[in-house]
Amino acid sequence: MEKIMTRWNLLHDITLIRENREAIGKAWPLFLFLIFNTGKSNRFVTTYAELKEKMNESPNTLKNWREHLAKNNVVQVVKGRSSMTFIFLSPYDSLITCEQDDWAAVRIKTDPKVKRVLDKLSSHDNMSSLPVIVELSAKVHKLEKTLAG
């Protein structure tokens, strides 16, 4: 049986590689926000004001995260007059072009428990825990499907 590569599966695979985790580094909250909000076109147009409102972070923090991701070739940032466009670079772009409606995207957007865990990790700047969380979440999902089926 062929494994369907959802965004969650790819995120798990990408974050297992140390160089990729280091490239994402301290900017992982912005990375995750972009991954789960960028459409198949691999272009996310936004402003600092919009990011500040949606992520509840200061513009300086957002700028530092943006610069970190760009410097480490995770994203390309095209600056406009009053906006900026994020474009994911390889191998991170595979997270955008994969199956869009995987269960992880739904959980991250709708489950308050998942949001609390991500908020706690964000406040402690602990990207190294992300692969473990991805793996545990996948196991919980599998158990939930087994119990429901």
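Located above this text is the structure these notes cover.
Student: Please explain the nonpolar core as it appears in this structure.
Tutor: Across soluble globular proteins, nonpolar side chains have a tendency to be buried as a group. One finds Phe-31, Val-74 and Phe-88 to be the most contacted residues of the largest nonpolar core, which totals 30 residues. Those elements giving two or more residues to this core turn out to be helix 1 (7-15), helix 2 (18-24), helix 3 (28-35), helix 4 (48-55), helix 5 (59-71), strand 3 (84-88) and helix 6 (94-97). Each residue touching Val-74, except ones within four places of it in the same chain, is listed here: Ala-23, Ile-24, Phe-31, Leu-69, Ile-87, Phe-88, Leu-89 and Tyr-92.

Student: Explain the packing of aromatic side chains here, please?
Tutor: Note on aromatic pairs: each is described by the distance of the centres and the angle between the planes. Taken as a whole and assessed by the stated rule, the structure comprises three aromatic pairs. Here Phe-31 and Tyr-92 contribute two aromatic rings whose centre-to-centre distance is 6.0 Å and whose plane-to-plane angle is 85°, an arrangement assigned as edge-to-face. Here Phe-31 is found in helix 3, whereas its partner Tyr-92 is found in the loop between strand 3 and helix 6, with 61 residues between them in sequence. The same class applies to Phe-31 and to Tyr-92, which are both buried. Plain terms: the ring middles of Phe-33 and Phe-44 are 5.8 Å apart, the flat faces sit at 85° to each other, and that makes the pair edge-to-face. Highlighted residues: Phe-33 in helix 3 and Phe-44 in strand 1 (residues 44-46), separated in sequence by 11 residues. With a relative accessible area of 11%, Phe-44 lands in the buried category. Through pairs of rings, three or more aromatic residues link up here, namely Phe-31, Phe-88 and Tyr-92.

Student: Just to check I follow, could you spell out helix 1 for this structure?
Tutor: Each full turn of the α-helix corresponds to 3.6 residues, which orients residues three or four apart in the same direction. Of all nine residues in helix 1, seven are buried, a share of seventy percent or more. Considered for burial, the residues of helix 1 that qualify are Arg-7, Trp-8, Leu-10, Leu-11, His-12, Ile-14 and Thr-15.

Student: What exactly am I supposed to notice about the packing of helix 3 against helix 4 here?
Tutor: At a minimum axis distance of 12 Å, the contact between helix 3 and helix 4 shows a crossing angle of 100°. In terms of their interaxial angle, helix 3 and helix 4 are classed as roughly perpendicular. In this structure, helix 3 uses Pro-29, Leu-30 and Phe-33 to contact helix 4, whose residues at the interface are Leu-51, Lys-54 and Met-55. Here the residues of the contact of helix 3 with helix 4 are counted per class, giving five nonpolar, no polar and one charged.

Reading the values: rules and limits
Residues numbered from 1 in each chain as written. Predicted model: local features only at pLDDT ≥ 70, side-chain atom pairs only at ≥ 80, totals over all residues. Heavy atoms only, no water. Core = buried A, V, L, I, M, F, W, Y, C linked by side-chain atoms within 4.5 Å. Buried < 20%, exposed > 50% of the residue type's maximum accessible area, 1.4 Å probe, protein only. Helix = DSSP H or I, 4+ residues; strand = E, 2+ residues; numbered from the N terminus. Contact = heavy atoms within 4.5 Å. Phe/Tyr/Trp six-rings, centres within 6.5 Å; stacked < 30°, edge-to-face > 60°. Axes fitted to C-alpha atoms, helices over the stretch in contact; angles between N-to-C directions. Parallel < 35°, antiparallel > 145°, perpendicular 65-115°, else oblique. Nonpolar A, V, L, I, M, F, W, Y, C, P; charged D, E, K, R; others polar.

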